[in-house]
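Residue-level listing of the chains:
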Amino acid sequence: MADYTIDEGFNAQTGVHTRVHFEDGAIIHQKTFDAEPYLKAAEEARIASEGERWGDGKIIGTLPPLVYAEIQGIPDTDERDRRIMAFFRANPMFVKFSRALK
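Now for a look at the structure at hand. Worth saying up front: this structure is predicted, and the values here are computed from it rather than measured. (Residues numbered from 1 in each chain as written. Predicted model: local features only at pLDDT ≥ 70, side-chain atom pairs only at ≥ 80, totals over all residues. Heavy atoms only, no water.)

### What to know about the sheet that holds strand β1 (residues 4-11)
Move 1: With respect to topology, three strands assemble into an open sheet ordered β1-β2-β3, the strand pairing being antiparallel. Of all strands in the sheet, those bounded by a partner on one side alone are β1 and β3 (26-33). In this sheet, neighbouring strand axes are inclined to one another by 15 degrees on average, regardless of whether the strands run parallel or antiparallel. (Pairing = 2+ DSSP bridges. Helix = DSSP H or I, 4+ residues; strand = E, 2+ residues; numbered from the N terminus. Axes fitted to C-alpha atoms, helices over the stretch in contact; angles between N-to-C directions.)

### Observations regarding the packing of helix α2 (residues 65-72) against helix α3 (residues 77-90)
When two helices pack together, their arrangement is captured by the angle between the axes and the distance separating the axes.
Move 1: Axis separation between α2 and α3 bottoms out at 10 Å; the angle between their running directions is 155 degrees. Viewed along their axes, α2 and α3 adopt a mutual orientation that is roughly antiparallel. The two elements α2 and α3 cross, and the hand of that crossing is right-handed. In this structure, α2 contributes V67, E70, I71 and Q72 to the contact, and α3 contributes R80, R83, I84 and F87.
Move 2: Class assignment of the residues belonging to the contact of α2 with α3 gives a composition of four nonpolar, one polar and three charged. (Parallel < 35°, antiparallel > 145°, perpendicular 65-115°, else oblique. Left-handed = near helix turned anticlockwise from the far one by under 90°. Contact = heavy atoms within 4.5 Å. Nonpolar A, V, L, I, M, F, W, Y, C, P; charged D, E, K, R; others polar.)

### A word on the pairing of strand β2 (residues 16-23)
Move 1: Counting buried positions over the eight residues of β2 gives six, a clear majority of the element.
Move 2: Note that β1 and β2 share seven bridges and pair antiparallel. Following the sheet pairing, I6 is matched in β2 by V20. (Buried < 20%, exposed > 50% of the residue type's maximum accessible area, 1.4 Å probe, protein only.)

### Here's the deal with the side chain of R46
Move 1: Structurally, R46 is set in helix α1 (residues 36-49).
Move 2: At 5.1 Å, E43 is the nearest oppositely charged side chain to R46, a buried residue that forms no salt bridge.
Move 3: Only 2.7 Å separates the side chain of R46 from the backbone oxygen of V95, close enough to count as a polar contact.
Move 4: If we skip the residues at most four places from it in the chain, R46 touches P92, M93, V95, K96, F97 and S98. (Lys, Arg positive; Asp, Glu negative; His and termini not counted. Salt bridge = Lys/Arg side-chain N within 4 Å of Asp/Glu carboxyl O. Polar contact = N/O pair within 3.5 Å; in protein donor to acceptor, adjacent residues only side chain to side chain.)

Here is the structure:
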(Lines give C-alpha, C1' and ligand atoms only; values in the text may rest on other atoms or scores of the structure.)
Protein backbone atom coordinates (compact mmCIF):
# COMPACT_ATOMS: atom_id res chain seq x y z
CA MET A 1 0.00 0.00 0.00
CA ALA A 2 1.42 3.39 -0.97
CA ASP A 3 1.73 6.22 1.50
CA TYR A 4 -0.21 9.36 0.63
CA THR A 5 -1.80 12.45 2.13
CA ILE A 6 -5.18 14.09 1.63
CA ASP A 7 -5.07 17.80 2.39
CA GLU A 8 -8.52 18.90 3.55
CA GLY A 9 -7.39 22.52 3.68
CA PHE A 10 -7.44 25.42 6.10
CA ASN A 11 -10.58 26.56 7.96
CA ALA A 12 -10.22 30.33 8.40
CA GLN A 13 -12.94 30.45 11.08
CA THR A 14 -11.20 28.01 13.43
CA GLY A 15 -7.59 28.45 12.31
CA VAL A 16 -7.25 24.68 11.86
CA HIS A 17 -5.55 22.99 8.89
CA THR A 18 -6.53 19.34 8.45
CA ARG A 19 -4.58 16.60 6.68
CA VAL A 20 -5.19 12.84 6.57
CA HIS A 21 -2.12 10.66 6.08
CA PHE A 22 -2.14 7.01 5.07
CA GLU A 23 1.21 5.54 6.14
CA ASP A 24 2.23 1.91 6.54
CA GLY A 25 -1.39 0.76 6.74
CA ALA A 26 -2.28 3.37 9.40
CA ILE A 27 -4.55 6.39 9.09
CA ILE A 28 -3.24 9.55 10.75
CA HIS A 29 -5.66 12.45 11.14
CA GLN A 30 -3.48 15.57 11.60
CA LYS A 31 -4.86 18.95 12.67
CA THR A 32 -2.62 21.97 13.11
CA PHE A 33 -3.67 25.28 14.58
CA ASP A 34 -2.53 28.64 13.21
CA ALA A 35 -2.84 31.22 15.97
CA GLU A 36 -1.53 34.11 13.85
CA PRO A 37 -4.97 35.53 12.87
CA TYR A 38 -6.10 35.42 16.52
CA LEU A 39 -2.91 37.06 17.74
CA LYS A 40 -3.06 39.79 15.11
CA ALA A 41 -6.71 40.59 15.93
CA ALA A 42 -5.90 40.67 19.66
CA GLU A 43 -2.99 43.07 19.09
CA GLU A 44 -5.15 45.38 16.97
CA ALA A 45 -7.87 45.36 19.64
CA ARG A 46 -5.33 46.11 22.40
CA ILE A 47 -4.07 49.11 20.45
CA ALA A 48 -7.62 50.34 19.71
CA SER A 49 -8.77 49.98 23.33
CA GLU A 50 -5.70 51.52 24.96
CA GLY A 51 -6.75 53.98 27.65
CA GLU A 52 -10.41 52.87 27.65
CA ARG A 53 -12.20 52.25 30.90
CA TRP A 54 -13.90 49.06 31.99
CA GLY A 55 -17.49 48.67 30.91
CA ASP A 56 -20.20 46.07 30.62
CA GLY A 57 -19.61 43.59 27.87
CA LYS A 58 -15.92 44.44 27.44
CA ILE A 59 -14.24 41.68 25.45
CA ILE A 60 -10.98 40.96 27.22
CA GLY A 61 -9.55 38.32 24.89
CA THR A 62 -10.00 35.45 22.49
CA LEU A 63 -9.70 31.80 23.42
CA PRO A 64 -8.35 29.42 20.78
CA PRO A 65 -10.96 26.80 19.76
CA LEU A 66 -9.40 23.90 21.68
CA VAL A 67 -9.05 25.95 24.87
CA TYR A 68 -12.61 27.25 24.47
CA ALA A 69 -13.97 23.71 24.10
CA GLU A 70 -12.09 22.57 27.20
CA ILE A 71 -13.27 25.52 29.31
CA GLN A 72 -16.89 25.22 28.15
CA GLY A 73 -16.91 21.75 29.66
CA ILE A 74 -16.49 23.18 33.17
CA PRO A 75 -19.95 23.40 34.77
CA ASP A 76 -19.04 25.81 37.61
CA THR A 77 -19.04 29.40 36.26
CA ASP A 78 -16.58 30.66 38.90
CA GLU A 79 -14.11 27.91 38.05
CA ARG A 80 -14.62 28.59 34.33
CA ASP A 81 -13.84 32.30 34.88
CA ARG A 82 -10.70 31.40 36.89
CA ARG A 83 -9.49 29.10 34.10
CA ILE A 84 -10.13 31.76 31.46
CA MET A 85 -8.12 34.36 33.37
CA ALA A 86 -5.38 31.80 34.06
CA PHE A 87 -5.15 31.16 30.31
CA PHE A 88 -4.92 34.90 29.56
CA ARG A 89 -2.24 35.42 32.24
CA ALA A 90 -0.22 32.55 30.79
CA ASN A 91 -0.87 33.70 27.19
CA PRO A 92 -1.14 37.51 27.25
CA MET A 93 -0.87 37.82 23.47
CA PHE A 94 -4.47 36.56 23.23
CA VAL A 95 -5.69 39.47 25.43
CA LYS A 96 -7.67 42.18 23.61
CA PHE A 97 -8.10 44.60 26.52
CA SER A 98 -4.78 45.10 28.31
CA ARG A 99 -6.35 46.44 31.54
CA ALA A 100 -7.84 42.96 32.10
CA LEU A 101 -4.46 41.71 33.33
CA LYS A 102 -3.78 44.59 35.72
